[in-house]
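# Architecture at a glance
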Amino acid sequence: MGDPDLAFLDIDPEDERFYRVLLRSGGADPEQLVRHADLDEKAVHVLRQRVTALGLAAMTDGLLRPVSPAKAVQHLIDARLARIRQELETKAATSAIVASLLAERNAATTSDAIAGADRPPMERLVGIEQVRAAIDELTFFTRSESMTTWPSGVMRPEIIETSRPADARILRRGIRMRSLFGAAALDDPATMAYLRELVGKGAEVRVSRLDLERILIFDRAAALTPIDPSDSKRGALLTREPGLVTTLVSLFDRMWGQAQEIPAAASAEEGPAVSGERPTELERRILESLCTADKDENGARDVGISVRTYRKYVATLMHRLDASNRFHAALLARERGWI
């Protein structure tokens, strides 16, 4: 039996050979690699790009250094698992297997429910189990956009753990996810940590201080609303009626437009912490820029920070001031003597 190799992780033999050269050398500059690997400059350049893209090596202080074997192999495993997961999810989505299985289930309860039959424009889902089953089905078939409101604002830990796999699948498939939460989310560390996790994966999340209606909308083609807004366990109404869905989308867009992005995390890299203390010098300059800069890009340039960081500071300062918009934040800051 020969020496083990990385073929089982879909690594080309040339890439593996080059990585092993790096491991033996501990890191080298391009000229040294030409000698160590017995390759010409062009081949070394190509291999350097490939092993870097694979996560097997990284440029540090002008040298191409190998990533530790354990870390490199784990990275390759994660990458292959992601490809397999994507392949299986795509196959399931394009094979119509779920629709076929749903037809079997529907055939057991209604004589005219056959594969491909039109669904009714309005369905009454009684009980939490029916609602969850409908959400699972609608989420699976969503292709472009998911819109959700969470009026209470707080997600219990068990709800977060239940939601995480489904949310991750949606975002992996490149679906636009917009989630709107009540203001109570700002005071719940677990909820805020999860919302920031979602944002880090590509979701769009906002928080509103206004009353929200509970809505779930899928591809602007189907929507769920509670039968009783005060008791979601009673069930929900599922509508595919185009006119009604369009109205609910408009309602969501209005609520979304009145909400704010979630504030930055409390760290030096990501922005200021939420507090009632007077602003720092940087925060004061950002508040002043709200009075003079017409664009975030200009404001960020004026204070000398990135646009992303600038926006996080603005969101946090608006929360501290309880401001409805940026102009309002500037006015409140003046009233407090901050600027």
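Structure shown above.
Since this is a predicted model, take the numbers as computed values, not measurements.

For the chain, the count of helices and strands is 13 helices and 10 strands. By the burial criterion, 38% of the 339 residues in the chain qualify as buried. Roughly 19500 Å² of accessible area belongs to the chain as shown, and the carbon and sulfur atoms make up 54% of that amount.

A few words on the layout of surface pockets. There is about 1600 Å³ of room inside the largest pocket. In terms of residue class, the lining of the largest pocket is made up of 25 nonpolar, 12 polar and 11 charged. The wall of the second largest pocket is formed by 28 residues, among which V205, E261, I262, R311 and A315 lie closest to the centre. When contributions to the lining of the second largest pocket are tallied by element, the ones reaching two or more residues are α8 (189–200), β6 (204–208), α9 (242–257), β10 (260–261) and α12 (307–321). The element best represented in the lining of the second largest pocket is α12, accounting for six residues. Partitioning the lining of the second largest pocket into residue classes produces 12 nonpolar, six polar and 10 charged.

Time to look at unusual backbone geometry. For residues besides glycine, phi is generally negative; the peptide bonds are generally trans as well. The backbone phi angle of D219 is positive, close to 55°, even though this residue is not glycine. D219 gets classed as partly exposed once you look at its relative accessible area, which sits at 24%. The phi angle at R220 is positive, at roughly 55°, despite the residue not being glycine. Along the chain, the position of R220 falls in the loop between β7 (216–218) and β8 (222–226).

Moving on to the sheet that holds β6. Within the open sheet, the eight strands sit side by side as β3-β9-β8-β7-β4-β5-β6-β10. Their pairing is mixed. Two strands bound the open sheet, and with one partner strand each, they are β3 (122–126) and β10. Bridging between strand β5 (residues 176–182) and β6 involves five bridges; their strand directions are parallel. In the sheet register, L180 faces β6, and the bridge partner there is R206.

For an α-helix, 3.6 residues make a turn, and residues three or four places apart therefore share a direction. Taken together, the buried positions of helix α13 (residues 326–335) are occupied by A329, A330, L332 and A333. Projected down its long axis, α13 shows its buried positions confined to an angular sector of 165°, all on one face. Opposite the buried face of α13, by more than 90 degrees, sit the exposed residues F327 and E335. Of the residues trailing α13, G337 is marked for its positive phi of about 80°.

Our next topic: α8. With 12 residues, α8 extends 16 Å between its outermost C-alpha atoms, agreeing within 8% with the 16 Å of an ideal straight helix rising 1.5 Å per residue. T191, M192, Y194, L195 and L198 are the residues of α8 that are buried. Angularly, the buried residues of α8 cover 165° about the axis, an arc narrow enough to put them on a single face. Opposite the packed face of α8, turned more than 90 degrees from it, sit the exposed residues P189 and G200. Each element contacted by the buried residues of α8 is listed here: α7 (157–172), β5 and β6. Taken from the residues just after α8, G202 is the one with a positive phi, measuring 115°.

On to the pattern of salt bridges, then. Taken as a whole, this structure holds 21 salt bridges when the rule is applied. For E204, the salt bridge goes to R176, with nearest N and O atoms at 2.7 Å. With a gap of 28 residues between them, E204 in strand β6 and R176 in strand β5 connect regions that are remote in the sequence. Where R320 meets E283, a salt bridge forms, and the shortest distance between an N and an O atom there is 3.1 Å. Here R320 is found in helix α12, whereas its partner E283 is found in helix α10 (residues 281–292), with 37 residues between them in sequence. A single burial state applies to R320 and to E283, both of which are buried. Beyond isolated ion pairs, a larger network of salt bridges with shared partners links E145, R176, R178, E204, R220 and D253.

A few words now on the pairing of β8. Of all five residues in β8, four are buried; the element is thus mostly enclosed. Counting the residues that bridge the hairpin from β7 to β8 gives three residues, and of these D219 lies at a positive phi of roughly 55°. Across four bridges, β8 lies against strand β9 (residues 235–239) in antiparallel orientation. Across the sheet, P226 pairs through a bridge with A236, a residue of β9.

Within this structure, the stated rule accounts for three aromatic pairs. A ring pair is formed by F140 and F141, whose centres lie 5.3 Å apart and whose planes are at 85°; its orientation type is edge-to-face. The cationic tip of R178 hangs over the ring face of W256; the distance from NZ or CZ to the ring centre is 5.2 Å.

Each value, and the rule that gives it
Residues numbered from 1 in each chain as written. Predicted model: local features only at pLDDT ≥ 70, side-chain atom pairs only at ≥ 80, totals over all residues. Heavy atoms only, no water. Helix = DSSP H or I, 4+ residues; strand = E, 2+ residues; numbered from the N terminus. Buried < 20%, exposed > 50% of the residue type's maximum accessible area, 1.4 Å probe, protein only. Areas by Shrake-Rupley, 256 points an atom, 1.4 Å probe, with all protein chains shown as cover. 1 Å grid on protein atoms, 1.4 Å probe; cavity = no way out; pocket = protein on both sides within 12 Å on 5 of 7 lines; lining within 4 Å. Points joined across faces, edges and corners; volume = space filled by probe spheres on them. Nonpolar A, V, L, I, M, F, W, Y, C, P; charged D, E, K, R; others polar. Pairing = 2+ DSSP bridges. Arc of directions from axis to C-beta. Expected span 1.5 Å × (residues − 1). Contact = heavy atoms within 4.5 Å. Salt bridge = Lys/Arg side-chain N within 4 Å of Asp/Glu carboxyl O. Phe/Tyr/Trp six-rings, centres within 6.5 Å; stacked < 30°, edge-to-face > 60°. Lys NZ or Arg CZ within 6 Å of the ring centre and 35° of its normal.

That's the geometry; what it means functionally is another story.
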